[in-house]
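The lines below spell out each chain.
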Amino acid sequence: MTDDTVRLALVGQVLRRRWRLLAALAVLGALLGAGASILFSPGYKTTSGVLLQGPRQADELLTQAEIATSSVVLDRTAAMLSWHPSGADLKKQVSASVAQSNVVTITVSADTAEHAQQLADQVAQQYVKYSTQLATNSADASVQLAQEQRESLREQVKLTTDKISDLAKNVGGGLTVESVQVRTQLEGLKTSLEQAINDLNQADLATGVGNTVVLGPAQRPTSPAAPTMTHFVAGGAVLFFLVGVFGHLFTARTDRRLRGEPQIASALGAPILAGVDVTTPEGARAPATGFLGKVRHLLGGDRPWVLPPVATSADEVNRDIRYRRVLARLATGPADVLLLVAEDDETGRLAAAQLAELADRLSVPLRIFEFSPDRPTVPDAAASSGVLVVLGAGTRTAWQLVRLAEACADARQEIVGAVLTHPVRPSGPAKPGPAAEAPEKALAGSA
C-alpha cells in the first residue's frame, strides 16, 4: 500500500469511529468563532471623501490625514451623534488615508448601516470645520509673514534695479574688457531679479491656498463587511474539524504500540501461545468513571480507532475452549506459573481473571501479578516457575515489552509465552447447544 492509500484509510477510520468527537470539535469551533465575531467583526463599513483644494505637499497631505483622526475631531463627532459614543471608542472605528488628487478618504465602521453612514458624514464635517478653524487661527501670522517676505523681496528687486541702472550708465559703447565685464555683471543681476520675482509670485500663491470641501454624503452600506459572523462561525467549525482530523493522524503516526504478533513475540523474546476474546459490559470499553471519563465515553474518545473493527464474539463455549487450550499448553511447562498483566490493561486483566478462575477449577497452579507498565517489577523466581504475559493487542510499545523482559530476566523468571487479548462485542443471548466437553477431555484434546 502506498503512503497516500494509508493516509486515506486512516482518515476514513477517523471519520467513521470518531465522528462524534469531530462533530463536538466543530460545534466548539463554531461557538468560539461566534464569540470572536463579536470582538473582531468590523460590522458595516462606508467611506467619505474630503478634497483639499490648491497645491499640497506630500507631508502636508499626511498631516491632514492625521488631523482627520485626531481626538478633537472624534470627540466633536461623538458629541453630535445620537447614540452617544465616546471619542476613544470612535478611535477604533475611524481611519483616514490619502488618495490621489488631494483627497483624504475617511473609512468608518459601525454596528448598523445607519450608524456607519451618520458616523462617516459627521467625521467628514467635523474634520472640515476643525481644519478651517486651524487655518483661521493661523491666518494673521501667515499674512504678516507673507507681507514681510513680499516687502523684503520688493526691496531686493528695487536695489537690483538701481544697481543695473547705475552700471548701465557707466558702460561705454566700445568692446573693451571693462565693457564686457560690466555686461556680464548685468546679466547676473538680471538673473537675480528674475529669481526674486518668481519667489514673490510663489509667496503670493502660497497665501491663496484653497479650502477643504466634502465631496458628498457617505453611502449607506447594504450588508456587513467581511469577515461577518457567518464567516467566523464557518471558519471556526472547519478549522477545529481539521485540527481534530490532523490531530488523530499525527497521533497515529507517532503511535509506537505493537499490534502484530511477530513484533510482540520478538520484543518479549517469547512465543505467542494464543489469542483470546474478551467481552466487557460495554462491548469493547471499560465503564466510564468520573466526569471526564463520561464525556470521553459519550464522544467515543475511549474507543480504539486505529485497530481493526471490533468483531462480534463467538459463543461462550468457543471462548471457553480457547482459554482451556492456553492452560493445556502450560500443562507441559513449569509447575508454577506467574500470570503477568499490566495495571492499566482492562482487557488483559479480564482475561487474566478468567484464566485464573478456569485454572482454579482445573487445579492448575496459576498466580496473577499486576505490574506497572512504565517501571515493571517481577517477583523472584521459585523452583520450577515461569511467567505468562497477558496483554491486549496494541497496548504496549516495543520498549515497554523489552523492559518487561529485562525485569523478568533480573528476577530469573523465564517467559514461557504470551497471550494476546482482543476486545469483542457480545453476540447476544446464548442459544442452547451441545454440552461442553469435560475439563479433562478438553485438556487432553488440546495438548
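For the protein chain, the name recorded in an unreviewed UniProt entry is Exopolysaccharide biosynthesis protein, with Amycolatopsis bullii as its organism.

Below, the discussion takes up the overall build of the protein chain. On a plain count of helices and strands, the protein chain comes out with 15 helices and nine strands. By residue count, 36% of the 447 residues in the protein chain fall in the buried class. For the protein chain, the computed accessible surface area is about 26,300 Å², with 57% contributed by carbon and sulfur atoms.

It is worth spelling out the UniProt feature "transmembrane region" (unreviewed entry) in the protein chain at this point. Within this structure's numbering, the places UniProt gives as "transmembrane region" (unreviewed entry) are residues 21-40 and 229-250. Each end of residues 21-40 is marked by a C-alpha atom, and these two atoms are 28 Å apart; helix forms 100% of the span and strand 0%. Across residues 229-250, the secondary structure splits into 100% helix and 0% strand, with the terminal C-alpha atoms separated by 31 Å.

This brings us to the sheet that holds strand 1 (residues 44-52). Read from one edge of the open sheet, four strands run 2-3-1-4, paired in antiparallel fashion. Looking at the sheet topology across the chains shown, the edges are occupied by strand 2 (94-99) and strand 4 (212-214). Strand-to-strand twist in this sheet, taken as the mean axis angle between neighbours without regard to direction, amounts to 25°. Docked against the sheet, helix 3 (residues 58-68) engages strand 1, strand 2 and strand 3 (103-110), running at close to 160° with respect to strand 2. Against the sheet, helix 6 (residues 113-137) contacts strand 1, strand 2, strand 3 and strand 4, and its axis sits at roughly 20° relative to strand 1.

The omega torsion of the bond from alanine 226 to proline 227 falls at 0°, within 30 degrees of zero and hence cis. Summarising the element assignment, proline 227 is placed in the loop between strand 4 and helix 9 (229-254). Backbone geometry places arginine 412, a non-glycine residue, at a positive phi of 60°. Assignment of secondary structure puts arginine 412 in the loop between helix 14 (398-410) and strand 9 (415-424).

A separate point is the nonpolar core. One finds Ile264, Leu268, Leu340, Val378, Val389 and Leu404 to be the most contacted residues of the largest nonpolar core, which totals 24 residues. Going through the elements one at a time, helix 10 (261-268), strand 6 (336-342), strand 8 (385-392), helix 14 and strand 9 are the ones with two or more residues in this core. Counting residues per element, this core draws most heavily on helix 14, which supplies five residues. Setting aside residues no more than four positions away along its own chain, valine 389 makes contact with Leu268, Leu340, Leu404, Ile415, Gly417, Ala418 and Val419.

So, how was this worked out
Residues numbered from 1 in each chain as written. Predicted model: local features only at pLDDT ≥ 70, side-chain atom pairs only at ≥ 80, totals over all residues. Heavy atoms only, no water. Helix = DSSP H or I, 4+ residues; strand = E, 2+ residues; numbered from the N terminus. Buried < 20%, exposed > 50% of the residue type's maximum accessible area, 1.4 Å probe, protein only. Areas by Shrake-Rupley, 256 points an atom, 1.4 Å probe, with all protein chains shown as cover. UniProt positions renumbered as here; feature names shortened; annotations may be inferred. Pairing = 2+ DSSP bridges. Axes fitted to C-alpha atoms, helices over the stretch in contact; angles between N-to-C directions. Contact = heavy atoms within 4.5 Å. Core = buried A, V, L, I, M, F, W, Y, C linked by side-chain atoms within 4.5 Å.

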